[in-house]
Amino acid sequence: MCITGSESPVVVVLTGSMEPGFSRGDILFLHMSRDPIRIGEIVVYNVDGRDIPIVHRVIKVHERRDTGEVDILTKGDINKDDDISLYAHGQLWLQRHHIMGRAIGFLPYVGWATIIMTEKPFIKYILIGVLGLLFITSND
């Protein structure tokens, strides 16, 4: 967290909601600075009641004059509607504390290994078994 400012500096895109910019299986590198969040940035956010972070684009930013707090609205590039339906019940905006980081780079398709092992756990167990066998049978 010291270098990137993000609690999770790397995330895997799990859905196609950000196509064509990012595809399912792409790995995103995140950074979080104190700079203002701007319209058009790709952010990764968490909301109460959801375990998996969401990768979407900022489409509206509203700064409250009385408190200086910033309200953020997001949307997946391929989605027709904004993300309000993904937020916690009754929540209309994200606040800065929901944002885990901003996308600063990506590696296409490298995250597919994670997706496959999560969606098909038997593959993970086969891989662990094969690696265990290799370790046991190695000469050193």
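To start, this report covers the structure provided alongside it. On a predicted model such as this, the values are computed, not experimentally measured, just so you know. (Residues numbered from 1 in each chain as written. Predicted model: local features only at pLDDT ≥ 70, side-chain atom pairs only at ≥ 80, totals over all residues. Heavy atoms only, no water.)

Examining the pattern of salt bridges
Here comes step 1: Evaluation of the coordinates by the stated rule reveals five salt bridges.
Here comes step 2: One salt bridge connects Arg24 with Glu119, and the closest N-O pair in it is separated by 2.2 Å. Linking Arg24 in the loop between β1 (10–12) and β2 (27–31) with Glu119 in helix α1 (residues 112–119), this pair joins segments that are 95 residues apart in sequence.
Here comes step 3: One salt bridge in this structure joins Arg57 and Asp77, with 2.8 Å as the shortest N-O distance. Of this pair, Arg57 sits in strand β4 (residues 54–63) while Asp77 sits in the loop between β5 (70–75) and β6 (99–107), placing them 20 residues apart in sequence.
Here comes step 4: With a relative accessible area of 28%, Arg57 lands in the partly exposed category.
Here comes step 5: According to the relative accessible area criterion, Asp77 is partly exposed, its value standing at 27%. (Salt bridge = Lys/Arg side-chain N within 4 Å of Asp/Glu carboxyl O. Helix = DSSP H or I, 4+ residues; strand = E, 2+ residues; numbered from the N terminus. Buried < 20%, exposed > 50% of the residue type's maximum accessible area, 1.4 Å probe, protein only.)

Some remarks on the packing of aromatic side chains
Here comes step 1: With the rule as written, the count across this model stands at two aromatic pairs.
Here comes step 2: Seen from their ring centres, Phe22 and Phe106 are 5.1 Å apart, and the 85° between their planes marks the pair as edge-to-face. One end of the pair, Phe22, is in the loop between β1 and β2; the other, Phe106, is in strand β6, with 84 residues separating them in the sequence.
Here comes step 3: Phe22 gets classed as buried once you look at its relative accessible area, which sits at 11%.
Here comes step 4: Residue class for Phe106 comes out partly exposed when judged on its relative accessible area of 39%.
Here comes step 5: Judged by centre distance (5.8 Å) and plane angle (80°), the rings of Tyr45 and Tyr87 are edge-to-face. Of this pair, Tyr45 sits in strand β3 (residues 42–45) while Tyr87 sits in the loop between β5 and β6; the two residues are 42 residues apart in sequence, bridging distant segments of the chain.
Here comes step 6: Exposure remark for Tyr45: the relative accessible area of 0% places this residue in the buried category. (Phe/Tyr/Trp six-rings, centres within 6.5 Å; stacked < 30°, edge-to-face > 60°.)

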